[in-house]
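If you want the building blocks of each chain, they are given just below.
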Amino acid sequence: MLYVAIRSIYVNMADITPDTELERPETAAGARTSGDGEQAARPPDPQSLRIIELLFFAYRDFTADADEILAELGFGRAHHRALNFICRHPGIRVADLLEILQITKQSLPRGLKDLADRGFLTQVRGETDRRERLLYPRDEGRALIGRLAGRQSERIKAALQAAGVEAPDTVAEFLFTMIRAEEREDIARLIATGDGLNPNGGE
């Protein structure tokens, strides 16, 4: 549950690219009130601001563990995210993967092609709807995700132990409730039906 709940952070803390346009100070100042004179939102309290910044740094180092391995293969975080859910849900439709990752149709094909060409996954047509493409991991894909999840799992377990957290489910619940309320039921079901990254389940 903990790993997939972080999917919400993955989506909302997208990589900043060189052509990303940052908000100008004058624009930010002008956004404090709306056109009809609504009062500006209250500034965050110190505790919330601390958690916000800690999430940034925790995310930075959590993803860095996987980035090192991905860089060896010439892959990036987009490949990681896609392959993770393909391994957890063999036979997932491309349309469902797009919904999980919340990316456009144009963003996914290149990453899937990279993974397929390198032997990490395979695509087949649906039996009932030939227009559907179903995605299955190969043994190499499962091995890679197992390696990535293992590295990140070590960081999570070490952090829980160092922080003296006796109930990891509390941390998982905190992350889970950060997800939009209307999506929680579907994501809980998605987490519960994952296959556990069984290395023997590959094609």
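Going along each chain's sequence as written, the residues are numbered from 1 onward. Owing to the predicted nature of the model, reporting of local features is limited to residues with pLDDT of at least 70; listing and counting of side-chain atom pairs is limited to 80 or more, with chain, interface and lining totals taken over all residues. Computation of side-chain values: all heavy atoms of the structure, hydrogens and water removed.

Caption draft 1: Inspection of the overall build of the protein at higher detail. From N to C terminus, the protein includes 10 helices and 3 strands. We call two residues in contact whenever any of their non-hydrogen atoms come within 4.5 Å of each other. For the protein, long-range pairs separated by at least 24 residues make up 70% of all intrachain contacts whose partners lie at least 6 apart in sequence. Summed over its atoms, the accessible surface of the protein is roughly 13,300 Å², and 52% of this surface lies on carbon and sulfur atoms. Strands are runs of DSSP state E lasting at least two residues, helices are runs of H or I lasting at least four, and both sets are numbered from the N terminus onward. Only the protein chains shown count as cover for residues, with accessible areas throughout obtained via the Shrake-Rupley method and a probe of 1.4 Å.

Caption draft 2: Representation of the nonpolar core within the structure. For our purposes a nonpolar core is just a set of buried Ala, Val, Leu, Ile, Met, Phe, Trp, Tyr and Cys residues, chained together by side-chain atoms within 4.5 Å. Think of it in three bands: residues with accessible area under 20% of the maximum for their type are buried, residues over 50% are exposed, and the middle band is partly exposed, with areas taken using a 1.4 Å probe on protein chains only. Core analysis: the largest hydrophobic core is formed by 25 residues, its most contacted members being Leu97, Leu108 and Leu112. Taken together, the elements giving at least two residues each to this core come down to helix H4 (46-73), helix H5 (77-88), helix H6 (94-101), helix H7 (108-117) and helix H8 (139-162).

Caption draft 3: Summary view of the sheet that holds strand S3 (residues 133-137). In this description, strands pair whenever DSSP reports at least two bridges between them. Taking strand neighbours across the sheet as the criterion, the 3 strands line up as S1-S3-S2 in an open arrangement whose pairing is antiparallel. With one partner strand each, in any of the chains shown, strand S1 (92-93) and strand S2 (121-125) form the two edges of the open sheet. Pairing between S1 and S3: 2 bridges, direction antiparallel. Bridge assignment links Ile92 to a residue of S3, and that residue is Leu135. Orientation is described by lines fitted to C-alpha atoms, with helices fitted over the stretch in contact, and by angles between N-to-C directions that extend from 0 to 180 degrees. Running over the sheet, H5 touches S1, S2 and S3 and is turned about 90 degrees from S3.

Caption draft 4: Local environment of the pattern of salt bridges. A carboxyl oxygen of Asp or Glu within 4 Å of a side-chain nitrogen of Lys or Arg is what we treat as a salt bridge. Enumeration over the complete set of coordinates arrives at 13 salt bridges. With a shortest N-O distance of 2.6 Å, Arg77 and Asp67 are connected by a salt bridge. Of this pair, Arg77 sits in helix H5 while Asp67 sits in helix H4, and the two are 10 residues apart along the sequence. Overall, Asp67 belongs to the partly exposed group, its relative accessible area being 24%.

Caption draft 5: Molecular detail of the packing of H4 against H8. Viewed as axis vectors pointing N to C, H4 and H8 meet at an angle of 155 degrees, and their least axial separation amounts to 9 Å. By the angle between their axes, H4 is roughly antiparallel relative to H8. Two packed elements cross with a definite hand, and for H4 against H8 that hand is right-handed. Residue-level inspection shows Asp61, Phe62, Thr63, Asp65, Ala66, Glu68, Ile69, Leu70, Glu72 and Leu73 of H4 in contact with H8, the latter providing Leu144, Arg147, Leu148, Arg151, Gln152, Arg155 and Ile156. By the convention adopted, Pro, Cys, Tyr, Trp, Phe, Met, Ile, Leu, Val and Ala count as nonpolar, Lys, Arg, Asp and Glu as charged, and the other residues, Gly among them, as polar. A breakdown of the residues in the contact of H4 with H8 according to their chemical character gives 8 nonpolar, 2 polar and 7 charged. Note that the term roughly parallel is reserved for angles under 35 degrees, roughly antiparallel for angles over 145, roughly perpendicular for angles of 65 to 115, and oblique for everything else. By definition, any crossing whose near helix is turned counterclockwise from its far helix by less than a right angle is left-handed, and any crossing with a clockwise turn is right-handed.

Caption draft 6: Local environment of the pairing of S3. The pairing of S2 with S3 spans 5 bridges and is classified as antiparallel. Bridge pairing in S3 places Val124 opposite Leu134.

Caption draft 7: A look at the environment of Ala143. Its place among the elements puts Ala143 in helix H8. The class for Ala143 is partly exposed, based on a relative accessible area of 48%. Counting along the chain gives 56 residues from Ala143 to Cys87, while the straight-line C-alpha distance between them is 9.7 Å.

Caption draft 8: Geometry of the packing of H5 against H8. For the pair H5 and H8, interaxial distance at closest approach is 10 Å and the crossing angle is 110 degrees. In terms of orientation, H5 and H8 fall into the roughly perpendicular class. Packed against H5, whose contacting residues are His80, Leu83, Asn84 and Cys87, the element H8 presents Gly141, Arg142, Leu144, Ile145, Leu148 and Gln152 at the interface. When grouped by side-chain class, the residues that make up the contact of H5 with H8 number 5 nonpolar, 4 polar and 1 charged.

All we've got here are geometric facts, nothing functional implied.
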